[in-house]
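For reference, the chains in residue letters:
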Amino acid sequence: MTGGGGKIVHVRVDHDLCAGVGMCVQFAPAGFRFDAAGQSEFIPDGGWSVKALQEAADACPMSAITLSFTPADTP
Ligand code: SF4
């Protein structure tokens, strides 16, 4: 997923930690939604911004969301 700044953002939601609190859905509704189990899942093709994803990750009380970045030209 290309995020801006020539970097690709990778988003991981740890379902061992996610308690379905929903802060991520609130902060980045284009980036996260609840799955059938009531846990958060990333929406790869959502109209999210990296800033919104970062805010969602920061807001998660369980620290279940991890963002990582790689340069867009890395194979
Ligand atoms: S804010 Fe965190 S704990 Fe809550 S649904 Fe999102 S990932 Fe899960």
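Everything below is about the structure shown above.
Owing to the predicted nature of the structure, the values given are computational and were not obtained by experimental measurement.

What counts and what doesn't
- Residues numbered from 1 in each chain as written.
- Predicted model: local features only at pLDDT ≥ 70, side-chain atom pairs only at ≥ 80, totals over all residues.
- Helix = DSSP H or I, 4+ residues; strand = E, 2+ residues; numbered from the N terminus.
- Rg over C-alpha atoms; globule rule 2.2 N^0.38 Å.
- Buried ≥ 20, exposed ≤ 12 C-beta atoms within 10 Å, placed from the backbone.
- Arc of directions from axis to C-beta.
- Contact = placed C-beta atoms within 7 Å.
- Core = buried A, V, L, I, M, F, W, Y, C linked by C-beta atoms within 7 Å.

*Asks:* Looking at this structure, I do not really get the overall build of the protein chain. What am I missing?
*Replies:* Within the protein chain one finds two helices and five strands. Of the regular secondary structure in the protein chain, the N- to C-terminal order runs β-β-α-β-β-α-β. At 12 Å, the protein chain has a C-alpha radius of gyration in line with the 11 Å of a compact globule built from 75 residues. Along the first, second and third principal axes, the C-alpha atoms of the protein chain reach 35 × 20 × 20 Å.

*Asks:* Is there a simple way to think about unusual backbone geometry in this case?
*Replies:* Where the residue is not glycine, phi is negative for most of them; where a peptide bond is considered, it is trans in most cases. Positioned with a positive phi, Ser-63 is a non-glycine residue whose angle comes to about 50°. Along the polypeptide, Ser-63 turns up in the loop between α2 (50–59) and β5 (65–71). According to the C-beta neighbour criterion, Ser-63 is exposed, with 11 such atoms within 10 Å.

*Asks:* What should I look at first to understand α2 in this one?
*Replies:* Since one α-helical turn is 3.6 residues long, residues separated by three or four positions face the same way. Within the sequence span of α2, burial applies to Leu-53, Ala-56 and Ala-57. The buried residues of α2 all sit within an arc of 100° when viewed along its axis, so they share a single face. Those residues of α2 that are buried are in contact with β2 (7–13), α1 (23–27), β3 (32–34) and β5.

*Asks:* Got a minute to help me understand the nonpolar core in this structure?
*Replies:* It is characteristic of soluble globular proteins that their nonpolar side chains tend to be buried jointly. Core analysis: the biggest nonpolar cluster contains 15 residues, and Cys-24, Ala-28, Leu-53, Ala-56, Cys-60 and Ile-65 have the highest contact counts within it. Elements with a contribution of two residues or more to this core: β2 and α2. Apart from the residues lying within four places of it in its own chain, the contact partners of Cys-24 are Phe-32, Ser-40, Ala-56, Ala-59, Cys-60 and Ile-65.

*Asks:* So what exactly am I meant to see when it comes to the environment of Val-11 here?
*Replies:* Tracing the backbone shows Val-11 in strand β2. Judged by C-beta crowding, with 23 C-beta atoms within 10 Å, Val-11 ranks as buried. Between the C-alpha atoms of Val-11 and Ala-57, which are 46 residues apart in sequence, the distance is 9.4 Å. In this view, Val-11 contacts Phe-42, Leu-53, Ile-65 and Leu-67; residues no more than four positions away in its chain are not counted.

*Asks:* Looking at this structure, how should I read the environment of Lys-51?
*Replies:* Turning to its location among the elements, Lys-51 is positioned in helix α2. A count of 11 C-beta atoms within 10 Å places Lys-51 in the exposed class. Sequence separation between Lys-51 and Gly-20 is 31 residues; the distance between their C-alpha atoms is 21 Å.

Fair warning: the whole summary comes from geometry, so function is off the table for now.
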